[in-house]
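Here is how the chains run, residue by residue.
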Amino acid sequence: MAASSSSRVSSPGWLMLAAHCALLLAMAGAASAGSALSSTFYDASCPSAYDVVRRVIQNARVSDPRIPASLIRLHFHDCFVQGCDASLLLDDDLPAIQTEKTVPANNNSARGFPVVDDIKAALEHPCPGVVSCADILALAAEISVEISGGPRWRVLLGRRDGTTTNVQSANNLPSPFDSLDKLQQKFRNVNLDDTDLVALQGAHTFGKVQCQFTRENCTAGQPQGSLEDLDRVTPNVFDNKYYGNLVQGQAQLPSDQVMLSDPAAPATTAPIVQRFTSNQKDFFAKFVVSMIKMGNISPLTGRAGEIRKNCRRVNSKGY
């Protein structure tokens, strides 16, 4: 039977408890901010939303095994810039809209936009003008993790789409070359703590990276732009092997390894890395909590923003 966004296969008890606590915390924060995010937001208006998103991603993964990791990265890079409002998806429409896609952290790196377009088109058929692009990114992130072997959770929904971009903020996205102090500050700027930092960096357990961003910096002789697995052990699986790579000094990204190697790490991030290395259930539970927290960064709700008809354009510009 088709599952709606609220009728899902049950998760293990430990994970459901963690997710429930995270939902309560996120909803409390949302309520205090006048927000209205809810895991049942589309149950009446678009009950097939979850299944539609999942089907498109599953189909895309057949020809592009990287797409789950790419889609969760879009959600990260969207939420860290003026909140989870799908600003990252907007194309250039100068002078009003300057795209975030060409800032250093995204240029020739952020990918998966055509799949988002496909999801939006698939949703517009049964539910025209109902599901926001921001919620598409949130749902796609959860589904991408779950179909790759990771945890599942009930995504809080009800975000609306922004009508502006913020290139200045996008230029300050976390970088693969950031020091631990810089990473911590960037996470604190969006109310995420050290546990969130270590847990969310764990999304580097799958996907690929261009060699010029790695610690080896293409020194194996490959040309710039050559792709390497972020996790050489289980590159397409969402698990805790990433943390074992860190413990062995084999993280691909400098900004990953600093969570153990930085002088401040023993008192901050290193114990969390060690814990996640030895306990995948703990990592999964904390990852769910952190994803829900990140997904609740400054959402537009109620009458704020809009529901874009085309994720690449604000509605006033047509589609």
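Residues numbered from 1 in each chain as written. Predicted model: local features only at pLDDT ≥ 70, side-chain atom pairs only at ≥ 80, totals over all residues. Heavy atoms only, no water.

Keep this limit in mind: UniProt positions are given in the numbering used here, feature names are shortened, and annotations may be inferred rather than shown by experiment.
As named in an unreviewed UniProt entry, the protein chain is Peroxidase, taken from Urochloa decumbens. Checking UniProt for the protein chain, the heading Sequence similarities (unreviewed entry) contains the comment "Belongs to the peroxidase family. Classical plant (class III) peroxidase subfamily." UniProt annotates the protein chain under Subcellular location (unreviewed entry) with the comment "Secreted".

Notes on the overall build of the protein chain
Our working rule: Secondary structure elements are taken from DSSP: a helix is a run of H or I of four residues or more, a strand is a run of E of two residues or more, and numbering for both begins at the N terminus. Throughout, exposure labels follow a simple rule: accessible area from a 1.4 Å probe, protein chains only, divided by the maximum for the residue type, with under 20% read as buried, over 50% as exposed, and the rest as partly exposed. A contact between two residues is defined here by any heavy atoms of the two lying within 4.5 Å. What sets the accessible areas is the Shrake-Rupley method with a 1.4 Å probe; for residues, cover comes only from the shown protein chains.
Counting its regular elements, the protein chain contains 12 helices and two strands. Moving toward the C terminus, one meets the helices and strands of the protein chain in the order α-α-α-α-α-α-α-α-β-β-α-α-α-α. Within the protein chain, the fraction of its 319 residues that count as buried is 54%. Here the contacts in the protein chain between residues at least 6 apart in sequence split such that 74% fall between residues at least 24 apart. Entry remark: accessible area of the protein chain is about 13,300 Å², with carbon and sulfur atoms responsible for 53%.

Details of helix α12 (residues 280–295)
Definition in use: Given the number of residues in a helix, its expected span is that number minus one, multiplied by 1.5 Å.
For α12, built from 16 residues, the straight-helix expectation of 22 Å at 1.5 Å per residue is met to within 8% by its first-to-last C-alpha distance of 22 Å. Looking only at α12, the buried set comprises D282, F283, F284, A285, F287, V288, S290, M291, I292, M294 and G295.

Some points on the packing of aromatic side chains
How we decide: Working definition: rings of Phe, Tyr and Trp (its six-membered ring) pair if their centres are within 6.5 Å, and the pair is stacked with planes under 30 degrees apart, edge-to-face with planes over 60 apart, and tilted otherwise.
Scanning the model with the defined rule gives 14 aromatic pairs in all. Each ring, one from Y243 and one from F283, has its centre 4.9 Å from the other, and the planes form 75 degrees; the classification is edge-to-face. Highlighted residues: Y243 in helix α9 (residues 241–247) and F283 in helix α12, separated in sequence by 40 residues. Neither residue differs from the other here; Y243 and F283 are each classed as buried. Taking the relative accessible area as the measure of exposure, F283 reaches 0% and is therefore buried. Feature note: the residues W153, F206, F238, Y242, Y243, F276, F283, F284 and F287 constitute an aromatic cluster, connected by ring pairs.

Considerations on the pattern of salt bridges
What counts, and what does not: Basic side-chain nitrogens of Lys or Arg form a salt bridge, by our definition, when they fall within 4 Å of a carboxyl oxygen of Asp or Glu.
Enumeration over the complete set of coordinates arrives at 17 salt bridges. Across the pair K186 and D178 runs a salt bridge whose closest N-O atoms are separated by 2.8 Å. You can call K186 buried: its relative accessible area is 12%. Note that D282 and K286 form a salt bridge whose closest N and O atoms lie 2.7 Å from each other. Residue D282 and its partner K286 are both found in helix α12; the two are separated by four residues, about one turn of the helix. Through salt bridges that share partners, D91, K101, D117, R312 and R313 make up one connected network.

Here's the deal with the state of the cysteines
Let me state the cut-off plainly: Any two cysteine sulfur atoms within 2.5 Å of one another count as a disulfide.
Throughout the structure, instances matching the rule amount to four disulfides. Sequence-ordered numbering of the bonded cysteines in the protein chain gives a pairing of 1-4, 2-3, 5-8, 6-7.

Let's talk about the side chain of D256
Threshold: Charged-residue counts in this description rest on Lys and Arg as positive and Asp and Glu as negative, His and the chain ends being excluded. Here a polar contact is recorded for every N or O atom pair within 3.5 Å, except that within protein the pair must consist of a potential hydrogen donor and a potential acceptor, and residues adjacent in sequence are included only if both atoms are side-chain atoms.
Note that D256 resides in helix α10 (residues 254–261). As a buried residue without a salt bridge, D256 has its nearest oppositely charged side chain in R215, at a separation of 8.9 Å. For D256, the side chain forms a polar contact with the side chain of Q201, separated by 3.2 Å. Once residues within four sequence positions are removed from consideration, D256 is found in contact with Q201, H204, Y242, L246 and A251.

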